[in-house]
Amino acid sequence: MIPTSHYLFLSLGLFTIGVIGVVTRRNVIVILMSIELMLNAVNINLVAFSRLVGSVEGHVFAIFIITDAAAEAAVGLGIIIAFFRNRETLLGDEMDLLKW
Amino acid sequence: MLDQIVFYFFAVLAVISAVMVVTRRNVVQSAIFLITALLATAGIFLQLHAEFLFIVQVILYAGGIMVLFVFVIMLVSLDVSLNQVQFNRQWWLGLLLALVLGAQLTIAVAVGRAGLPLGEPAPAKMLEPSTQLVGRVLFSEYVLPFEIASILLLVAMIGAVVMAKKKI
Amino acid sequence: MHTLIEFAKPILVPLICAVVIVAVLPLVAGYIVLLERKLMADMQARLGPMRVGPHGLLQPIADAVKLLLKEDIIPEEADKAIFWVAPLISVTVAMLAMAALAIGPWFQIADLNIGLLFVMGIGALGIFGIVLGGWSSNSHYSLLGALRSAAQLVSYETAAGMAIVGGLLLAGTLSTREIIQTQDDYGVWFIFAAPVGFFIYAVASIAETNRAPFDLPEAESELVAGYMTEYSGFRWALYFLAEYTNMVVVASIATTLFLGGWLRPFAGTKAFDFLDYLPSLLMLVFAGYCFYRVPKQPVKIQQAVLAAVGLLLILLAGILAAPLLVPAGSLVADAKAGLHGAFWFLLKVGLYLYVFMWLRFTFPRYRFDQLMHLGWQFLVPLSIVNVMGIGLALVLHRQWGWGHLPAFGLTTVLTLAVAGWLAWAGEKKEKQRAIVGEEA
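The present account deals with the structure reproduced in this document. The model shown is predicted, which means the values in this text are computed figures rather than measured ones.

Conventions we followed
Residues numbered from 1 in each chain as written. Chains lettered and ligands numbered in written order. Predicted model: local features only at pLDDT ≥ 70, side-chain atom pairs only at ≥ 80, totals over all residues. Heavy atoms only, no water. Helix = DSSP H or I, 4+ residues; strand = E, 2+ residues; numbered from the N terminus. Buried < 20%, exposed > 50% of the residue type's maximum accessible area, 1.4 Å probe, protein only. Areas by Shrake-Rupley, 256 points an atom, 1.4 Å probe, with all protein chains shown as cover. Rg over C-alpha atoms; globule rule 2.2 N^0.38 Å. Contact = heavy atoms within 4.5 Å. Lys, Arg positive; Asp, Glu negative; His and termini not counted. Charge placed at Lys NZ, Arg CZ, Asp CG, Glu CD. Buried area = accessible area lost by both parts, 1.4 Å probe. Polar contact = N/O pair within 3.5 Å; in protein donor to acceptor, adjacent residues only side chain to side chain. Nonpolar A, V, L, I, M, F, W, Y, C, P; charged D, E, K, R; others polar. Salt bridge = Lys/Arg side-chain N within 4 Å of Asp/Glu carboxyl O. Core = buried A, V, L, I, M, F, W, Y, C linked by side-chain atoms within 4.5 Å. Patch = residues over 30% accessible without salt bridge, like charges linked within 9 Å, V, L, I, M, F, W, Y side chains within 5 Å. Phe/Tyr/Trp six-rings, centres within 6.5 Å; stacked < 30°, edge-to-face > 60°. Axes fitted to C-alpha atoms, helices over the stretch in contact; angles between N-to-C directions. Parallel < 35°, antiparallel > 145°, perpendicular 65-115°, else oblique. Left-handed = near helix turned anticlockwise from the far one by under 90°. Expected span 1.5 Å × (residues − 1). Bend = angle between axes of the 7 residues up to and from the residue.

In terms of regular secondary structure, chain B is built from seven helices and zero strands. Classification of the 168 residues of chain B by burial places 39% in the buried group. For chain B, the exposed area adds up to about 9,300 Å²; of that, 74% sits on carbon and sulfur atoms.

Regarding its fold elements, chain C presents 17 helices and two strands. By the compact-globule yardstick of 22 Å for 440 residues, chain C fits well, its C-alpha radius of gyration being 24 Å. Going through the 440 residues of chain C one by one, you find that 48% of them count as buried. Considering only contacts in chain C between residues 6 or more positions apart, those separated by 24 or more positions represent 75%. Positive and negative side-chain charges of chain C, numbering 27 and 29 respectively, have mean locations separated by a distance of 8 Å.

For the rest of this paragraph, the subject is the interface of chain C and chain B. By a frequent convention, interface size equals the accessible area lost on bringing the separate parts together. Facing 20 residues of chain C, the contacting portion of chain B comprises 23 residues. Summed over both partners, the interface of chain C with chain B comes to about 2,000 Å²; 82% of that surface belongs to carbon and sulfur atoms. Looking at the side of chain C facing chain B, the largest losses of area belong to Asn 113, Phe 128 and Trp 135 of chain C, adding up to 28% of the total buried there. Here chain C and chain B share zero residue pairs in polar contact (both at pLDDT 80 or more) between them. Secondary structure elements with two or more residues in the side of chain C that touches chain B: helix H4 (115-124), helix H5 (126-136) and helix H6 (140-171) of chain C. When its residues are assigned to classes, the side of chain C that touches chain B shows 17 nonpolar, two polar and one charged.

Counting contacts across all two pairs of chains that touch, the top-ranked interface belongs to chains A and B. Looking at chain A next to chain C, you find no contact at all, with the nearest C-alpha pair sitting 14 Å apart.

A separate point is the environment of Phe 54 of chain B. Inspection of the secondary structure puts Phe 54 of chain B in helix H3 (residues 51-76). In the structure, Phe 54 of chain B is positioned 38 residues away from Trp 92 of chain B in sequence and 36 Å away in space, judged by C-alpha atoms. If sequence neighbours within four positions are ignored, Phe 54 of chain B has contacts with Ala 42, Gly 43, Phe 45 and Leu 46 of chain B together with Ile 114 and Phe 118 of chain C.

Turning next to the side chain of Ser 205 of chain C. As for its placement among the helices and strands, Ser 205 of chain C is situated in helix H9 (residues 195-208). In contact with Ser 205 of chain C, not counting residues within four places along its chain, are Val 250, Tyr 352 and Phe 356 of chain C.

Further remarks concern the interface of chain A and chain B. Across the contact, 70 residues belong to chain A and 86 residues belong to chain B. When the buried surface of chain A facing chain B is broken down by residue, Arg 25, Met 33 and Arg 51 of chain A rank first, second and third, together holding 11% of it. Connecting chain A to chain B are zero salt bridges. For the interface between chain A and chain B, the tally reads eight residue pairs in polar contact (both at pLDDT 80 or more). For the side of chain A that touches chain B, the secondary structure elements donating two or more residues are helix H1 (4-24), helix H2 (28-53) and helix H3 (57-87) of chain A. Among the elements that take part in the side of chain A that touches chain B, H3 of chain A stands out by supplying 23 residues, more than any other. For the side of chain A that touches chain B, the residue count by class is 45 nonpolar, 16 polar and nine charged.

Here the focus is the nonpolar core. Core analysis: the biggest nonpolar cluster contains 180 residues, and Ile 29 and Met 33 of chain A, Met 66 and Phe 69 of chain B together with Phe 128, Tyr 201 and Tyr 352 of chain C have the highest contact counts within it. The greatest single-element share of this core, amounting to 17 residues, is contributed by H3 of chain B. In terms of nonpolar packing, the next biggest core, distinct from the first, is built from ten residues, Cys 290, Leu 306, Ala 317 and Phe 343 of chain C among them.

Okay, a nonpolar patch on the surface next. The grouping of Phe 274, Tyr 277, Leu 281, Leu 284, Phe 291, Leu 311, Ile 314 and Leu 325 of chain C at the surface amounts to a nonpolar patch, some 800 Å² of accessible area in total. Following the sequence through the fold, Phe 274 of chain C ends up in the loop between helix H11 (233-257) and helix H12 (278-293).

Think of a pair of aromatic rings as described by two things: how far the centres are apart, and how the planes are tilted against each other in angle. Residues and elements named next belong to chain C. Under the counting rule described, the total for this entry stands at 18 aromatic pairs over all chains. Between Tyr 289 and Tyr 292, the ring centres sit 6.2 Å apart and the planes meet at 45°, which makes this aromatic pair tilted. Taken together, the residues Tyr 289 and Tyr 292, both in helix H12 and three residues apart, mark about one turn of the helix. Arranged with centres 5.2 Å apart and planes meeting at 45°, the rings of Tyr 352 and Phe 356 form a pair that is tilted. Of this pair, Tyr 352 and Phe 356 both sit in helix H15 (residues 336-362), four residues apart, which is roughly one turn of that helix. Classification of Phe 356 by relative accessible area gives buried; the value is 3%.

All names here are of chain C. Looking at where Ser 232 falls in the secondary structure, it is placed in the loop between helix H10 (220-223) and H11. Linking Ser 232 and Ala 242, residues ten residues apart in sequence, is a C-alpha distance of 15 Å. Beyond its immediate chain neighbours, meaning those up to four positions away, Ser 232 contacts Glu 71, Asp 72 and Ile 73.

Where H3 of chain B meets H5 of chain C, the axes come as close as 11 Å, and the angle between the chain directions of the two elements is 15°. When the axes of H3 of chain B and H5 of chain C are compared, the pair comes out roughly parallel. With respect to the hand of their crossing, H3 of chain B and H5 of chain C are arranged in left-handed fashion. Mapping the contact onto sequence places Ala 62, Met 66, Val 67, Val 70 and Met 74 of chain B in H3 of chain B and Ile 127, Phe 128, Val 131 and Trp 135 of chain C in H5 of chain C. Its residues assigned to classes, the contact of H3 of chain B with H5 of chain C comprises nine nonpolar, no polar and no charged.

This part is about H3 of chain B. Residues and elements named next belong to chain B. The end-to-end C-alpha distance of H3, which contains 26 residues, comes to 36 Å, matching closely the 38 Å that a straight helix rising 1.5 Å per residue would cover. Where H3 bends most, the angle comes to about 30°, and this point is Met 66. The element H3 is largely enclosed, with a buried count of 19 among its 26 residues.

Once that is clear, we can look at the packing of H2 of chain A against H3 of chain A. Residue and element names in this part refer to chain A. Between H2 and H3, the shortest axis-to-axis distance is 9 Å and the interhelical angle comes to 175°. Comparing the axis directions of H2 and H3 gives the class roughly antiparallel. For the contact of H2 with H3, the per-class residue count stands at 16 nonpolar, five polar and three charged.

The phi angle of most residues is negative, glycine excepted, and most peptide bonds adopt the trans form. Of note, the phi angle at His 49 of chain B is positive, near 65°, even though the residue is not glycine. Summarising the element assignment, His 49 of chain B is placed in the loop between helix H2 (27-47) and H3. Positive phi outside glycine occurs at Ala 45 of chain C, with the angle close to 55°. As for its placement among the helices and strands, Ala 45 of chain C is situated in the loop between helix H1 (2-43) and helix H2 (59-69).

Listed below in structure tokens is the structure:
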């Protein structure tokens, strides 16, 4: 059997990779995808603990997080399309209309 | 034995594809590796006896959200973006901070492992049948959060439509 | 060695089933294509393939050989890795979806708790094969086909999913085996309890498999071949295989959920037990036709092939009849459930596919905005109303003690009324738009 801490290590590894993607990449779409990766890492944690205590509440929370990810992806991609239409670019550091 | 093989296989697959997502130059390839990472996570869910969550992950994440991503990438994809610098100017600082965060989390788990009750997991029987149990909990104790989630989805849907409209 | 056998025991039957599916499906897909061509020819007053084998019976094999021997072209500008992987995704996913389906009570790879959802969910991944294939070809036609396909699949997945929810409400379970068992207990197939749901699923499943009249992603007259434009030879064959496997999968879902799976018509009624002899009789009739046609074949080899097909059919008839003729209790008699279940299941799948083909040769292709209109403004609202209707019927039946017939009859009529209203409103709006368009 696999100790629960291994799931935690996997989860935090994925989370850290996601954070790295968010803070270093310029492409907005990749940043959004890295956020999905982070949400996904959280789900592993929830499900692993759910298995540990033998209750499905962790699964329910994971479902909520997936719902949230869906909402976030829809709005985020809508913003990206609107942004691309106006500025013809996908680079995050050129999103500086409010920076004076 | 089989359990271990399945878990470590999917774990390694998930981590490798996650690294690929962050490092690939081509956005479509990033998206494909993200799909792989999500499916590997789904495999881990299955190994954790979360059958229903496995299929939710496959249908919603891999089959829904990622299709949206790929669709948008194809709509906006520019060949120019392949030749641009992929990492921003403060990438080294960001990387450093992210690694510090990762190290912190690792230490927290590695040290705190002794204090947490991370002993034997409960018998797998308690999570079966997955679909029925999740349904019962979702519609009894968590029915209010469930409704709120549906409102969130509605808001997101309207928001996305408004955003993507040419003229508001 | 011994431990290996012990280890293999629980996975042996699923393994055999899986191998059978992977080995037989390409052949079945080939013969579905032949059937389709024959049917199309018949409807257009032609003969169809007649040269390779008697009545073109060996045509699929010849086609397969031709496709395998063709030159494999990868466009210069294509994204090689993705171009290479995309058809594989399509085929793998389509075949994986077969894993949870029960073809007869004996033949099932895995009886999952999430059964039908698994089939739907894995099937939904097939879209990546299409989209990535279209994108990686680096051709405008391919990309347009891929985009159309993505939009179409996402739109109709919603309607199909909601239609299935209606059926699942009736069944109260997701496991394919238990769904069929429930229909046995009810004594009625779910198509009679939820006809509107079946209709929605049928339309949505045609759209999901990219078939006419919804074949916009590969519309020959507009996009050359849509997402498959740049593919040739073996890879193209893989796409084709995936498409036909998907057809079999959606037909199997419909059969399982709405048409009673492996159940014989009137399975519960003793008076209709003579229907058990129907499978063998059907085989015998086909065999008889084969023998009748033998002397009319021009070449010796063709005569031999047709005679062999006839003998094969007689053999099948014998196998199907054996459990009925042998006294009960013996091993052969126990095989009846498995053999006849598989026969009825496959027959229903075949009929469903037959209706698919009918529709293909009958309707002209939809325009893209009409397609979206039908999906989002007619099927999706209707499927939601359908779910509510079935819920209402279940409440009337279980809590208020109404009979099956009045409860489901009332809600079906209500749902049909809503459908009529939706169609009428859509028509009106379309007319208004046409008038506005003329003025502008």
